[in-house]
Every structure is written in structure tokens, then in C-alpha cells.
Amino acid sequence: MKLHLRDEARATERRAPLAPDDAAALIAQGASIAVERSDKRVFPDEDYARAGCALAEPGSWTTAPRDVAILGLKELPPEPRDLPWRMIHFAHVFKRQSGWADELARFRRGGGALYDLEYLTGPDGRRVAAFGYWAGWMGAALGLWRLMARELGEPGPEAGVAAFESRAELAERLRALRARLGRAPKAIVIGALGRSGRGAADALAEGGAQISRWDIAETAALDADPAARAALLGHELLVNCVLMTGPGLTLATPEMLPRPECRLRVISDVSCDPFSDFNPLPLYLAPTGWDAPFINVGTNGAGEPVELTAIDNLPSLIPRESSLDFSAQLTPALARFPDGEEWQAARAVFLARLAEAEELA
């Protein structure tokens with residue numbers, strides 16, 4: 001396998017899908033790996049060099065030979081216009097998000113292929129590698145931090161956030177706020193049985209919140225049972241960890257927020273899919289960013305502001321721990337590229353969406 005790890009185009013992306021020690025393990029199995037130098041990535045360039053990787057200049061993937069697989073995390077820059085390589089990253093286009101057909105057209109013109117990391121699945125249909133736990137943990141922690149700081153009248157993450165060196169750093173801040181607050185904020189996690197949901201519940205527990213854990217069974221009656229809807233809206237913090245692939249779930253709308261039973265003050269949309277037709281929180285139009293993590297989306301039944309955060313690269317706020325975890329999950333699959341069943345599953349989705357995009361061209 002010939003692999004090229006690219007420097008991320010996004011300025012706030014500090015994660016890496018492949019850690020130096022795991023790169024060394026692949027090289028020991030015969031892989032050839034080039035790593036672009038990066039002043040953002042949480043792992044120093046020298047660590048990759050010691051692992052046996054060849055260091056390359058940022059952006060040099062655009063001149064790589066066509067038999068090299070290009071590994072990254074987030075979306076590609078707009079150039080080059082045509083993509084002849086096998087690209088491995090989170091593209092966020094297979095659910096027909098905004099601009100999906102134009103992005104896939106780059107592969108059609110260039111003759112390359114997209115192996116979206118979200119669609120690497122095993123025989124049980126589960127993803128082989130995911131940042132979900134850390135997305136849930138960080139999303140819930142941010143929401144709880146804002147909720148408690150706001151009640152205490154203290155500055156919180158609303159003015160902007162930067163990456164933390166470790167989970168422990170933020171957990172300690174939450175515990176200190178909880179001690180000064182003197183009570184347990186009432187929080188609900190939707191999708192509590194999944195990776196993200198478990199991470200969210202762990203963060204809320206570390207921060208001393210009172211937690212309601214809801215999953216499919218609890219949300220099934222939301223539209224038909226006013227009591228269930230009132231119970232959901234009665235929490236102070238809502239953390240959504242459900243990534244919808246079809247219709248069927250609505251958690252909160254602008255019309256629901258002013259209801260007398262609504263006590264929501266902060267919403268953390270970990271799933272962050274505002275461009276999808278199936279967004280269960282149709283309260284916002286675009287993700288929020290590190291410089292302004294929270295936006296006001298209305299007022300609740302008590303006339304208090306309802307704030308929402310929806311950052312689409314939450315795990316990058318804990319880059320070292322989340323990267324080590326993800327890399328450990330992904331490395332066995334990389335050793336099977338491109339013939340492993342997880343890669344064939346991702347390729348099948350790519351070909352299906354490519355055919356749909358061609359029909360629209």
C-alpha cells in the first residue's frame with residue numbers, strides 16, 4: 001500500500017486519522033507512507049519521520065502518483081478541480097448534502113474514487129472507525145460548560161474555544177463550576193446507546209449533571225404523546241447524538257421553544273447535520289465555529305434565551321486522545337485496503353451516489 005497523509009485544509013483541524021505509532025506498524029507490514037508537514041497536527045512531524053514515514057510539503061498530495069491513496073479527515077479544498085486519486089476522508093456528501101453532486105463530479109472527471117470514512121462498515125453494518133465517542137463527550141461538555149457559566153454569570157465558551165491538551169483539563173473545569181453552582185443541571189442525551197451518546201453521558205456525569213438517557217424506545221412516541229414531548233422539553237440541556245438517515249424524528253422546532261413546558265436553555269447538536277432534509281433540530285442553517293460556538297435560536301417558556309452549539313469537528317477540540325483512539329480503530333482496516341469488505345462497502349456507496357450525480361449532470 002502507498003499512502004499519503006495530507007495536511008488538513010481547515011485551520012482548526014488538529015486531528016490525524018493515523019498516529020505515528022500506527023503508521024510504523026503499517027510500514028512494518030510493507031506499506032509506504034508519506035506524511036505532509038503540518039503546523040496544526042497534534043503529532044509533530046518528527047514523530048512520523050521516526051516512525052519511518054517520508055515527510056512531504058503541505059499540499060503535495062495534488063501531485064502524488066495516481067496509485068497513491070490520499071488519506072485525510074475533513075473536506076477537500078476546491079482545487080484541484082479533477083480528482084484522479086483514491087481519496088479517504090469524511091466528505092459529507094453521500095446523504096446528498098449541499099453541493100454533493102458538484103463534489104462527486106470532481107471524481108467523475110478525474111477517474112478517482114472516494115472512500116468515505118463514515119461508510120467503512122463491517123458485516124454487521126457498524127462503522128469500523130469513528131470519532132463518535134469524543135464528539136459526544138466534547139459536545140456535551142461544551143453545552144454543560146455554557147449552561148453553568150451562564151447561570152453563574154461567568155464567561156464561558158461562548159466567546160470562542162481552542163483545543164484542550166486533555167479531557168481532564170475540561171472535566172476539572174466542569175467540576176469546579178458544578179461545585180459553585182450547588183445543584184445538578186437537568187440534561188438529556190438523545191441517542192444515548194450509541195458511541196456519541198455514551199461519550200455525552202460520560203461528560204455530563206463528570207460534570208455532575210442529572211442525566212436522562214433516551215434512545216429509540218423513548219423517542220418513538222414523541223409526535224403522538226404530548227407527555228413525552230413535554231418531558232424532553234423540560235430539560236435545561238439537550239444533547240443530540242442521533243445522526244438521521246431518513247425522516248422520523250423531530251426534537252425541537254422554533255414553534256416548540258416558547259411552549260410553557262419548555263425549559264431548554266442550551267442545545268448541543270453533536271450530530272450537526274443542518275444541511276440534511278432529516279435534521280431533527282431545524283433551528284439553525286449552518287454549523288457554528290470555534291470562534292463563535294453558540295447562537296441564539298429563540299426563547300423558552302420562561303422567556304430565557306435558548307442557545308445552540310453545532311460544531312462539526314468537535315473531536316478536534318481534544319485532538320490527541322481522539323486521534324489515538326480513531327487511529328487504533330482504523331489501522332487494521334488500512335492494512336486491508338482496498339480489498340477488505342469495509343472498503344468494498346464504502347466503494348459501493350460511492351458508485352451508487354456517483355451514478356445519481358451523473359443523472360443530474
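Residues numbered from 1 in each chain as written. Predicted model: local features only at pLDDT ≥ 70, side-chain atom pairs only at ≥ 80, totals over all residues. Heavy atoms only, no water.

Undergrad: I would appreciate a short explanation of the environment of F131 in the present structure.
TA: With respect to the secondary-structure elements, F131 resides in the loop between β6 (113-116) and α4 (132-152). Sequence separation of F131 and L314 is 183 residues, and the distance between their C-alpha atoms is 9.1 Å. Setting aside chain neighbours within four positions, we find F131 in contact with R15, L73, F90, P315, S322, S323 and F326. (Helix = DSSP H or I, 4+ residues; strand = E, 2+ residues; numbered from the N terminus. Contact = heavy atoms within 4.5 Å.)

Undergrad: In this structure, what is going on with the sheet that holds β6? I would like to understand it.
TA: Backbone hydrogen bonds hold the strands of a sheet together, and the pairing may be parallel or antiparallel. Ordered in space as β3-β2-β1-β4-β5-β6, the six strands form an open sheet in which the pairing is parallel. A single partner strand is all that each edge strand has here, and the edge strands are β3 (54-56) and β6. Within this sheet the neighbouring strands show an average axis-to-axis angle of 25°, counted without direction. In the sheet, strand β4 (residues 69-71) pairs with strand β5 (residues 86-89) via three bridges, with the strands oriented parallel. Within β5, the residue paired with I70 across the bridge is M87. (Pairing = 2+ DSSP bridges. Axes fitted to C-alpha atoms, helices over the stretch in contact; angles between N-to-C directions.)

Undergrad: How should the packing of aromatic side chains be read in this particular structure?
TA: Aromatic ring pairs are described here by two measures, namely the spacing of the ring centres and the angle between the planes. As enumerated under the stated definition, the model contains twelve aromatic pairs in all. Ring geometry for F90 and F131: centres 6.4 Å apart, planes at 55°, overall tilted. Of this pair, F90 sits in the loop between β5 and α3 (100-110) while F131 sits in the loop between β6 and α4, and the two are 41 residues apart along the sequence. In this structure F90 comes out as buried when scored by relative accessible area, which is 8%. Where F337 meets W343, the ring centres are 4.8 Å apart and the plane angle is 85°; that geometry is what we call edge-to-face. Just as F337 is buried, W343 falls in that class too. In this structure an aromatic cluster arises from ring pairing among F90, F131 and F326. Across the ring face of F131, the terminal group of R15 is positioned such that the distance to the ring centre comes to 4.3 Å. (Phe/Tyr/Trp six-rings, centres within 6.5 Å; stacked < 30°, edge-to-face > 60°. Buried < 20%, exposed > 50% of the residue type's maximum accessible area, 1.4 Å probe, protein only. Lys NZ or Arg CZ within 6 Å of the ring centre and 35° of its normal.)

Undergrad: Honestly, unusual backbone geometry in this entry has me stumped. Any pointers?
TA: Geometrically, the link from E79 to P80 is a cis peptide bond, its omega value of 5° lying close to zero. Looking at the secondary structure, you find P80 in the loop between β4 and β5. Here the bond from F337 into P338 is cis, since omega is 0°, no more than 30 degrees from zero. Mapped onto the elements of the fold, P338 is located in the loop between α9 (319-334) and α10 (341-360). Although it is not a glycine, R96 sits at a positive phi angle of roughly 60°. Assignment of secondary structure puts R96 in the loop between β5 and α3.

Undergrad: I would appreciate a short explanation of the packing of α4 against helix α6 (residues 195-206) in the present structure.
TA: When two helices pack together, you describe them by how their axes are tilted relative to each other and by the distance separating the axes. At their nearest, the axes of α4 and α6 sit 6 Å apart, and the two run at 40° to each other. When the interaxial angle is binned, α4 and α6 end up oblique. Considering only the axes of α4 and α6, their crossing is right-handed. Facing G132, Y133, G136, W137, A140, A141 and L144 of α4, the residues of α6 in contact are R195, S196, R198, G199, A200, D202, A203, L204 and E206. Residues that form the contact of α4 with α6 fall into these classes: eight nonpolar, four polar and four charged. (Parallel < 35°, antiparallel > 145°, perpendicular 65-115°, else oblique. Left-handed = near helix turned anticlockwise from the far one by under 90°. Nonpolar A, V, L, I, M, F, W, Y, C, P; charged D, E, K, R; others polar.)

Undergrad: Looking at this model, I keep getting lost on the pairing of strand β9 (residues 237-240). Mind explaining?
TA: Moving residue by residue along a regular strand, the side chains alternate between the two faces of the sheet. Of the two faces of β9, the one lined by L237 and V239 and the one lined by L238 and N240 are each fully buried. Pairing of strand β7 (residues 186-190) with β9, which is carried by four bridges, proceeds in the parallel orientation. Note on β9: the bridge partner recorded for V189 is V239. In this structure, β9 lies alongside strand β10 (residues 266-269), joined through four bridges in parallel fashion.

Undergrad: What should I look at first to understand the domain arrangement of the chain in this one?
TA: Under the domain assignment used here, the chain contains domain 1 (2-118 + 319-360) and domain 2 (131-317). When each unit is reduced to the centre of its C-alpha atoms, the spacing between domain 1 and domain 2 is 30 Å. If you look at the interface, domain 1 gives 19 residues, while domain 2 gives 19 residues. Of the roughly 1,600 Å² buried between domain 1 and domain 2, counting both surfaces, carbon and sulfur atoms make up 51%. Remark: the boundary between domain 1 and domain 2 carries two salt bridges. Here K95 ties to D273 by a salt bridge, and the two come within 3.1 Å at their closest N and O atoms. Our count for the domain 1 to domain 2 interface comes out at ten residue pairs in polar contact (both at pLDDT 80 or more). Of the residues contributing to the side of domain 1 that touches domain 2, the split by class is four nonpolar, six polar and nine charged. (Domains from an automatic or database assignment. Buried area = accessible area lost by both parts, 1.4 Å probe. Salt bridge = Lys/Arg side-chain N within 4 Å of Asp/Glu carboxyl O. Polar contact = N/O pair within 3.5 Å; in protein donor to acceptor, adjacent residues only side chain to side chain.)

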